[in-house]
Amino acid sequence: MPAFAYLDHNATSPIRPPVLDAMVDALRVGGNPSSVHRAGRAARLHVDAARRQVAALVGVLPSEVVFTSGGTEANNMALGGTGRKRVLVSAIEHESILKAVPWAERIPVDRNGVVDLAALDRMLAGSEPPLVSVMFANNETGVIQPVADVVRLARAADALVHCDAVQGAGKAPVDLHGLGVDYLSLSAHKLGGPTGVGALVVRAGAPFGADRKGGGQESNRRAGTENVAGIAGFGAAAEISLSGQDMASLRDRMEAALQAVAPQARIYGAAVRRLANTTCISMPGVNAETQVMALDLAGVCVSAGAACSSGKVTRSAVLAAMGVEPAESETAIRISCGWNTVSEDIDRLIAAWKGLYIRVTHSDLSQARAA
Ligand SMILES: Cc1ncc(COP(=O)(O)O)c(C=O)c1O
């Protein structure tokens, strides 16, 4: 049995062993991929191979892949690089979208956390053709968005479309051309690659201007010497995650067991298409922070809704956008499985969750009796 159960893959997915090997190989090369000599050419080979691997993950040409320092940079680049002054973003986007364009118009979502297409259609009727940004799958609930429908509506209004696929790629099939989007963001560490590397995919022919000043790397689309080892690791992770993994049976067993313990526990987005690795669930009457700490003590790592970078837990804006009352959303945790999740991890989570729920409800009962 593993030392602890890591069920927080949507925060970051531990590095896959072949990724480490690919990174070490690339680190040993040592050259700058822009140098023309043999060491530079050797480094360039690693970057080119990874570009092909990442391109294959999302069905694009290698030339459409621009390596970045992660999903945040890719999102920022997309929002700033299209030249569109009007921007529409879904209300459940990641902070790296919402904070990059705080003035953007917000597309509402329904109670299941799915973008409201009728509302988008009305918003598109505005004067200027906008950039629309809708994520592939939500990081807290795993709910998959109707991106192809968003594109269909957007095209009729001459809008460009960006999709943050940071949480989708490697967990569900993502195909830029199948979806029809112009820009797609990816991040290596969500699929078992290293942190600090990602990509913005720019469809050939889509308008794009880089605002970062410096060298001509990435075909003048992202200045700065490439993170060769990180990129090599990203490529390896992309290639492995293409082979996929069935998470749905683990998830379904876990959700059934948790709801058997606490039938009032609500699973957000359960009625619609979700990533098979993600469960966002409330434990009635028990604060999410208490749950995260109690589960950690029991050797299970999960997260509380949207944990911000300082580690302080804030109220989930995603659940708020879905109309969940604050008192309820404060009891929601996110359980996210990944490539190294085994059945025993799920057993450990179920036992710990059940133990906590019984302790809390029993102590409530005894307090009520004593009163
Ligand atoms: C949906 C989504 N977009 C973007 C990001 C940011 O990616 P990165 O950590 O690579 O900057 C995250 C990270 O949690 C995410 O979940």
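Conventions adopted
Residues numbered from 1 in each chain as written. Predicted model: local features only at pLDDT ≥ 70, side-chain atom pairs only at ≥ 80, totals over all residues. Heavy atoms only, no water. Near = heavy atom within 4 Å. Polar contact = N/O pair within 3.5 Å; in protein donor to acceptor, adjacent residues only side chain to side chain. Helix = DSSP H or I, 4+ residues; strand = E, 2+ residues; numbered from the N terminus. Nonpolar A, V, L, I, M, F, W, Y, C, P; charged D, E, K, R; others polar. Domains from an automatic or database assignment. Contact = heavy atoms within 4.5 Å. Buried area = accessible area lost by both parts, 1.4 Å probe. Pairing = 2+ DSSP bridges. Axes fitted to C-alpha atoms, helices over the stretch in contact; angles between N-to-C directions. Salt bridge = Lys/Arg side-chain N within 4 Å of Asp/Glu carboxyl O. Expected span 1.5 Å × (residues − 1). Buried < 20%, exposed > 50% of the residue type's maximum accessible area, 1.4 Å probe, protein only. Arc of directions from axis to C-beta. Phe/Tyr/Trp six-rings, centres within 6.5 Å; stacked < 30°, edge-to-face > 60°.

Undergrad: Go over the site of the ligand, please, and point to the residues and values.
TA: Around the ligand, the surrounding shell holds 14 residues, and the nearest of these are Gly71, Thr72, Asp164, Ser187 and Lys190. Lys190 places a polar side-chain atom, nitrogen or oxygen, 2.6 Å from an oxygen atom of the ligand. Per element, the largest residue contribution to the shell around the ligand is three residues, and it comes from helix α3 (residues 71-81). Here the shell around the ligand is composed, by residue class, of two nonpolar, ten polar and two charged.

Undergrad: Can you break down the domain arrangement of the chain residue by residue, with the values?
TA: Segmenting the chain into domains produces domain 1 (5-13 + 245-370) and domain 2 (17-242). The straight-line distance from the C-alpha centre of domain 1 to that of domain 2 is 29 Å. Listed by partner, the interface residues are 25 residues for domain 1 and 27 residues for domain 2. Summed over both partners, the interface of domain 1 with domain 2 comes to about 2100 Å²; 55% of that surface belongs to carbon and sulfur atoms.

Undergrad: Account for the sheet that holds strand β8 (residues 198-202), with residues named and values stated.
TA: For sheets, the rule is that strands pair by backbone hydrogen bonds, running either parallel or antiparallel. The seven strands lie next to each other as β2-β8-β7-β6-β5-β3-β4, forming an open sheet whose pairing is mixed. What marks the edges here is a single partner per strand, and that holds for β2 (65-68) and β4 (105-107). Neighbour to neighbour, the strand axes of the sheet diverge by 20° on average, direction disregarded. Pairing of strand β5 (residues 131-133) with strand β6 (residues 160-164), which is carried by three bridges, proceeds in the parallel orientation. Across the sheet, residue Ser133 finds its bridge partner in β6, namely His162. Sheet strands touched by helix α6 (residues 147-156): β5 and β6. Its angle to β6, the strand with the most contacts, is close to 160°.

Undergrad: With reference to specific residues and values, describe the side chain of Arg334.
TA: Within the element layout of this structure, Arg334 appears in strand β11 (residues 332-336). Within polar-contact distance, the side chain of Arg334 engages the side chain of Asp8 at 3.2 Å. When neighbours within four sequence positions are excluded, Arg334 is seen to be in contact with Leu7, Asp8, Asn10, Ala11, Asn139, Glu140, Thr278, Thr279, Cys280, Val302, Ser303 and Gly305.

Undergrad: Kindly report on the pattern of salt bridges, identifying the contributing residues and their values.
TA: Counted under the stated rule, the structure contains 15 salt bridges. Here Asp48 ties to Arg44 by a salt bridge, and the two come within 4.0 Å at their closest N and O atoms. In this pair, Asp48 and Arg44 are both assigned in helix α2 (residues 38-57), four residues apart and thus about one turn of the helix distant. The salt bridge involving Arg86 is made with Glu105; its shortest N-O contact spans 3.0 Å. In this pair, Arg86 is assigned in the loop between α3 and β3 (87-90) and Glu105 in strand β4, connecting sequence segments 19 residues apart. Through salt bridges with shared partners, one network takes in Arg44, Asp48 and Glu226.

Undergrad: A description of α2 should follow, citing residues and the corresponding values.
TA: With 20 residues, α2 should reach 28 Å at 1.5 Å per residue; the first-to-last C-alpha distance of 29 Å fits that figure. Within α2, the full set of buried residues consists of Gly40, Ala43, Val47, Ala50, Arg51, Val54, Ala55 and Leu57. Relative to the axis of α2, the buried residues are bounded by an arc of 140° and lie together on one face. Residues of α2 that are exposed and point over 90 degrees away from its buried face: Arg38, Leu45 and Arg52. Packing partners of the buried residues in α2 comprise α1 (17-29), β2, β7 (183-187), α8 (217-220) and α9 (228-242).

Undergrad: Can you break down the packing of aromatic side chains residue by residue, with the values?
TA: For any pair of aromatic rings, the description rests on two quantities: the centre-to-centre distance and the angle between the ring planes. One pass over the full model with this rule turns up two aromatic pairs. Between Phe67 and Phe234 the ring centres are 6.1 Å apart and the planes differ by 70°, which places this aromatic pair in the edge-to-face class. Taken together, the positions of Phe67 in strand β2 and Phe234 in helix α9 put the pair 167 residues apart, joining distant regions of the chain. The same class applies to Phe67 as to Phe234, namely buried. For the ring pair Trp353 and Tyr357, a centre distance of 6.3 Å and an interplane angle of 15° mean the geometry is stacked. Of the two residues, Trp353 and Tyr357 are both situated in helix α14 (residues 343-370); the distance of four residues between them amounts to about one turn of the helix. An identical accessibility class is assigned to Trp353 and Tyr357; each is buried.

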